[in-house]
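# Observations on the model geometry
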Amino acid sequence: MPDVRRRLVLWTLAFGTLAFLAVIGAPLVGTTRIDFARVFDRSVRFADNVDAQIFFIARLPRALAAALVGATLAAAGVVLQALLRNPLATPFTLGVSAGAALGAMLAISLRLHLSLWGVSAITGASFVGSLVAVAIVYALARARHQGFSTNVLLLAGVTLNSFFSALILFVQYLADPSEALRTMRWLMGDLDVAGYAPILAALPLAAIAGAAFVWLPRSLNLLSLDADAAATRGVNVVRVQQVAFFSASVATGAAVSLGGPIGFIGIIVPHLVRLMVGADHRVVLPASALVGAAFLVVCDVLARTVMAPQELPVGIITALVGGPFFLWLLVRQK
Amino acid sequence: MLIPPAQMLRRLTAVTSILAALLLLVTAARAQQGPQRIVSLVPSITEMLFAIDAGSRVVGVSSYDHFPPEVDNLPRVGALMDPDVERILSLRPDLVITYGSQTDLRTQLDRAGIPVFQDRHGSIGHITDTMKELGARLGVSTQAARAVAAFERDLAAIRGRVKRRPRPRTLLVIGREPQSLRAISVSGGYGFLHDLLDLAGGDNVFASVTRESLLVSTEEILAKAPDVILELHYSEPPAPQLIERERQAWKPLSAVPAVRNGKVILLFGGELVVPGPRATKTARAFARALHPEAVPR
């Protein structure tokens, strides 16, 4: 036990420093040269201070959004892999992201020109869409079963994913070309939030999920081995499964509505972390969240600099980095 | 033998009328030359056909066609992504106008032996070239030349009005997530919108990127510091308070001169997206937005 605590402190410290440095360092990098003395010069009005606006509007919110999205997706990946006892599970396996995407597509195609507290209709609609998907999958997993069938959960999720994908294609097909382009762009992920309101809107949801993630790891350790064995050791299996499912889903919904369905983080980060820290969820979960944050912050820096002045969608970068890396892991592990 | 003057006059009249009739027949035949039943999948070319007096030959249009009003009564045959081959064939066309990328459709039409005219979309030069090409193919070269001349005259007039004015550095926004500063796509230094902006007396801040459209981050916009932001919306203008709300979406970037000085201008209209004869209307709207004192309503 003290050993786990020591490893937890050690790894959290190491990866925490990494994530912290990424978030602090990212706003210092960019395609424009800015004068950092002027950024923090209070004698210049913020409204007129280009350097400060580049730093505080264009760069810092992006880094923070990337950290939040990266951390939630990586943590949700860990939880779902344990819940479904499937190393290939991702935060998008259960249809949450497809639901979110369908919500966003509908908001774009129906031209919902609304906003609330600085959060656009597209963000709101995608979160609602993710909740709808969660509700459907959960209802299916509960139906005709005493407890909570993870097999049905997995099948329902995968089926819902392809069903929603078909609906997305249908909505896209009916849309105007300019709208179809915008929906396609949304699917590639975008962290240029240009302000703090969208981050603040996603934060409470991520915090609720985060609280669950603190409570879950010990039960997940037992659950990921064998549900029956876990039950004999006094774990309320159904309760743990429910908490894991809902917290991971809410976290994913919040992350996707903030940054779009950015792929690969929820699968490569947990596996990479397990290679380094072992399989104990008490260490894997927080470590994955921190590595996920650092990883997406770095990917987003690439997104806004590699092809400048053009933006390269961040989802493409995570896939380009993540795909080959994951295959390498697969081959190496045998 | 001398023919009496009255008879002479009668003969002369007969000869002239025969000649006149022949001439009339020849012109009529010329007018009937070329394709008579045209299906157009490309809205900009539909507009061109009407501009060169060949509108009456159009028997089918795409689902995106809204101009001129005559097209409202024509059968719809799908569009870029979903051309309805069956409906196209049922209209018995002798010319189908397609996008360059519709290769499958062209193969099918080839098999049916129906000639195809391919759209090449790009600069202003492409608009006039296409009108002339269509004129030659449809036997209405004179009308096409007239339409091209009018088009060029209109553009030259606008260019003349703004010629000696200072050219504001302009950001031409062609798409943005409503009510926010996300997913901003802008015109690069290629394409008819860039050409029109240039002609209307504005300097495109992203002219160095030779693409029709590109996605840019808020950092790039802050760094380019445009004097004017022209934002195109392809719909009819919504309620004034909604327009104002969209203008206000730019407010966080107050360090951009255009935002600070209230030079964020939203333009509305379906023609903004169509690289056809109505580009003159777009050019005038651009010029009026950039140089209100030089281009009166």
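Here is what the cut-offs are and how they apply
- Residues numbered from 1 in each chain as written.
- Chains lettered and ligands numbered in written order.
- Predicted model: local features only at pLDDT ≥ 70, side-chain atom pairs only at ≥ 80, totals over all residues.
- Heavy atoms only, no water.
- Helix = DSSP H or I, 4+ residues; strand = E, 2+ residues; numbered from the N terminus.
- Rg over C-alpha atoms; globule rule 2.2 N^0.38 Å.
- Buried < 20%, exposed > 50% of the residue type's maximum accessible area, 1.4 Å probe, protein only.
- Contact = heavy atoms within 4.5 Å.
- Lys, Arg positive; Asp, Glu negative; His and termini not counted.
- Charge placed at Lys NZ, Arg CZ, Asp CG, Glu CD.
- Areas by Shrake-Rupley, 256 points an atom, 1.4 Å probe, with all protein chains shown as cover.
- Buried area = accessible area lost by both parts, 1.4 Å probe.
- Salt bridge = Lys/Arg side-chain N within 4 Å of Asp/Glu carboxyl O.
- Nonpolar A, V, L, I, M, F, W, Y, C, P; charged D, E, K, R; others polar.
- Core = buried A, V, L, I, M, F, W, Y, C linked by side-chain atoms within 4.5 Å.
- Axes fitted to C-alpha atoms, helices over the stretch in contact; angles between N-to-C directions.
- Left-handed = near helix turned anticlockwise from the far one by under 90°.
- Pairing = 2+ DSSP bridges.
- Polar contact = N/O pair within 3.5 Å; in protein donor to acceptor, adjacent residues only side chain to side chain.
- Phe/Tyr/Trp six-rings, centres within 6.5 Å; stacked < 30°, edge-to-face > 60°.
- Lys NZ or Arg CZ within 6 Å of the ring centre and 35° of its normal.
- Arc of directions from axis to C-beta.
- Parallel < 35°, antiparallel > 145°, perpendicular 65-115°, else oblique.
- Patch = residues over 30% accessible without salt bridge, like charges linked within 9 Å, V, L, I, M, F, W, Y side chains within 5 Å.
- pLDDT = per-residue confidence, 0-100.

## A look at the overall build of chain B
Looking only at helices and strands, one finds eleven helices and ten strands in chain B. Taken against the 2.2 N^0.38 rule, which gives 19 Å for 297 residues, the C-alpha radius of gyration of chain B at 25 Å runs more than 25% over that of a compact globule. For chain B, the spread of C-alpha atoms along the three principal axes comes to 95 × 50 × 35 Å. Put simply, chain B has 297 residues, and 51% of those count as buried. Sequence separation of at least 24 residues holds for 60% of the intrachain contacts in chain B that already meet a minimum separation of 6. Seen as two clouds, the 36 positive and the 30 negative side-chain charges of chain B have centres 7 Å apart.

## What to know about the overall build of chain A
When helices and strands are tallied, chain A shows 14 helices and two strands. Here the C-alpha radius of gyration of chain A, 20 Å, is about what a compact globule of 334 residues would show, namely 20 Å. Taken over the C-alpha atoms alone, chain A extends approximately 65 × 55 × 40 Å along its principal axes. Across the 334 residues that make up chain A, the buried fraction comes to 54%. Taking the intrachain contacts of chain A between residues at least 6 apart in sequence as the baseline, contacts between residues at least 24 apart amount to 77%. As presented, chain A carries roughly 14700 Å² of accessible surface, and 70% of it is formed by carbon and sulfur atoms. Looking at chain A, you have 23 positive and 14 negative side-chain charges, and the mean spots of the two groups are 10 Å apart.

## Things to note about the interface of chain B and chain A
The partner chain A presents 39 residues to the 33 residues of chain B that form the contact. Carbon and sulfur atoms supply 53% of the area buried between chain B and chain A, which totals about 2900 Å² over both sides. Between chain B and chain A we count four salt bridges in total. Here Arg260(B) ties to Asp48(A) by a salt bridge, and the two come within 3.8 Å at their closest N and O atoms. Elements with a minimum of two residues in the side of chain B that touches chain A: strand 8 (213-216), helix 8 (218-224) and helix 9 (240-248) of chain B. With five residues, the single largest contributor to the side of chain B that touches chain A is helix 8 of chain B. Grouping the constituent residues of the side of chain B that touches chain A by class yields 17 nonpolar, six polar and ten charged.

## Points about the nonpolar core
Ranked by size, the top nonpolar core spans 98 residues in total, and within it Leu153(A), Phe245(A) and Leu296(A) carry the most contacts. It is helix 3 (residues 50-83) of chain A that contributes the most residues to this core, 15 residues altogether. Core analysis: the second largest hydrophobic core is formed by 51 residues, Ile45(B), Leu49(B), Ile52(B) and Leu196(B) among them.

## Let's talk about the packing of helix 4 (residues 96-109) of chain A against helix 11 (residues 237-259) of chain A
All names here are of chain A. Across the interface, helix 4 lies against helix 11 with an axial gap of 9 Å and an inter-helix angle of 35 degrees. Helix-helix and strand crossings are classified by hand; for helix 4 and helix 11 the assignment is right-handed. Residues Val96, Ser97 and Ala100 of helix 4 form the contact with helix 11, whose participating residues are Ser249, Thr252, Gly253 and Val256. The residue inventory of the contact of helix 4 with helix 11, partitioned by class, reads three nonpolar, four polar and no charged.

## Topic: the sheet that holds strand 3 (residues 95-99) of chain B
Strand pairing in a sheet is mediated by backbone hydrogen bonds. Such pairs are either parallel or antiparallel. Residue and element names in this part refer to chain B. Read across the sheet, four strands follow the order 2-1-3-4 without closing on themselves; strand pairing throughout is parallel. This sheet does not close on itself; its edge strands, each paired only once, are strand 2 (58-61) and strand 4 (116-119). Going across the sheet, the axis of each strand differs from the next one's by a mean of 20 degrees, ignoring polarity. Against the sheet, helix 2 (residues 43-51) engages strand 1 (38-40), strand 2, strand 3 and strand 4, with an angle of about 140 degrees to strand 1. Docked against the sheet, helix 4 (residues 103-111) engages strand 3 and strand 4, running at close to 165 degrees with respect to strand 3.

## Focus: the side chain of Arg278(B)
Residue and element names in this part refer to chain B. Relative to the elements of secondary structure, Arg278 occurs in the loop between strand 10 (264-268) and helix 11 (279-290). You can call Arg278 buried: its relative accessible area is 18%. In terms of polar contacts, Arg278 uses its side chain to reach the side chain of Glu47, at 2.6 Å. Setting aside residues no more than four positions away along its own chain, Arg278 makes contact with Glu47, Phe67 and Glu271.

## Quick look at the packing of aromatic side chains
The relation between two aromatic rings is expressed through the spacing of the ring centres and the mutual angle of the planes. In this structure the tally under the stated criterion is eleven aromatic pairs over all chains. One aromatic cluster in this structure is built from Phe36(A), Phe40(A), Phe46(A), Phe55(A) and Phe56(A). Over the ring of Phe67(B) we find Arg278(B); its NZ or CZ atom is 3.6 Å from the centre of that ring.

## Remarks on helix 4 of chain B
Residues and elements named next belong to chain B. Along helix 4, the residues classified as buried are Leu105, Arg106 and Leu109. Summarising the axial view, the buried residues of helix 4 lie within an arc of 100 degrees, below the 170-degree limit, and thus occupy one face. The outward face of helix 4, more than 90 degrees from its buried face, is lined by the exposed residues Asp104, Asp110 and Arg111. Looking at the packing, one finds that the buried side of helix 4 touches helix 3 (85-90), strand 3 and strand 4. Directly beyond the C-terminal end of helix 4, a positive phi value near 75 degrees is found at Gly113.

## Some remarks on the packing of helix 3 of chain A against helix 11 of chain A
Residue and element names in this part refer to chain A. Running from amino to carboxyl end, helix 3 crosses helix 11 at an angle of 150 degrees, the nearest separation of the two axes being 9 Å. Taken together, the axis directions place helix 3 and helix 11 in an arrangement best described as roughly antiparallel. Our pair here, helix 3 against helix 11, has a crossing hand that is left-handed. Contacts between helix 3 and helix 11 involve Ala65, Leu68, Val69, Thr72, Leu73, Ala76, Val79, Leu80 and Leu83 on the former and, on the latter, Gln241, Ala244, Phe245, Ala248, Ala251, Thr252, Ala255, Leu258 and Gly259. Grouping the amino acids of the contact of helix 3 with helix 11 by side-chain chemistry returns 14 nonpolar, four polar and no charged.

## Observations regarding a nonpolar patch on the surface
On the surface, Phe170(A), Tyr173(A), Leu174(A), Leu80(B) and Met81(B) cluster together to form a nonpolar patch covering roughly 560 Å² of accessible area. Along the polypeptide, Met81(B) turns up in the loop between strand 2 and helix 3.

## Focus: the confidence of the model for chain B
Residues and elements named next belong to chain B. On average, chain B scores 91 in pLDDT, and the residues at 70 or more come to 95%. Per-element confidence in chain B is highest for strand 7 (residues 203-204), whose mean pLDDT is 98, and lowest for helix 1 (residues 5-31), whose mean pLDDT is 69. Quick note on the complex model: pTM equals 0.87, ipTM equals 0.87.

## Observations regarding the pattern of salt bridges
Residue and element names in this part refer to chain A. Counted according to the given criterion, the structure contains 21 salt bridges over all chains. With a closest N to O distance of 2.8 Å, Arg62 and Asp300 form a salt bridge. Here the residue Arg62 occupies a position in helix 3, and Asp300 occupies one in helix 13 (residues 281-305), the gap between them amounting to 238 residues. Of the two residues, Arg62 and Asp300, neither departs from the other in class, the shared state being buried. Between Arg62 and Glu311 there is a salt bridge whose closest N-O contact spans 2.6 Å. With Arg62 in helix 3 and Glu311 in the loop between helix 13 and helix 14 (314-333), the pair connects residues that are 249 residues apart, well separated along the chain. Residue classification places Arg62 among the buried residues on the basis of a relative accessible area of 1%. On the basis of relative accessibility, which here comes to 7%, the residue Glu311 falls in the buried class.

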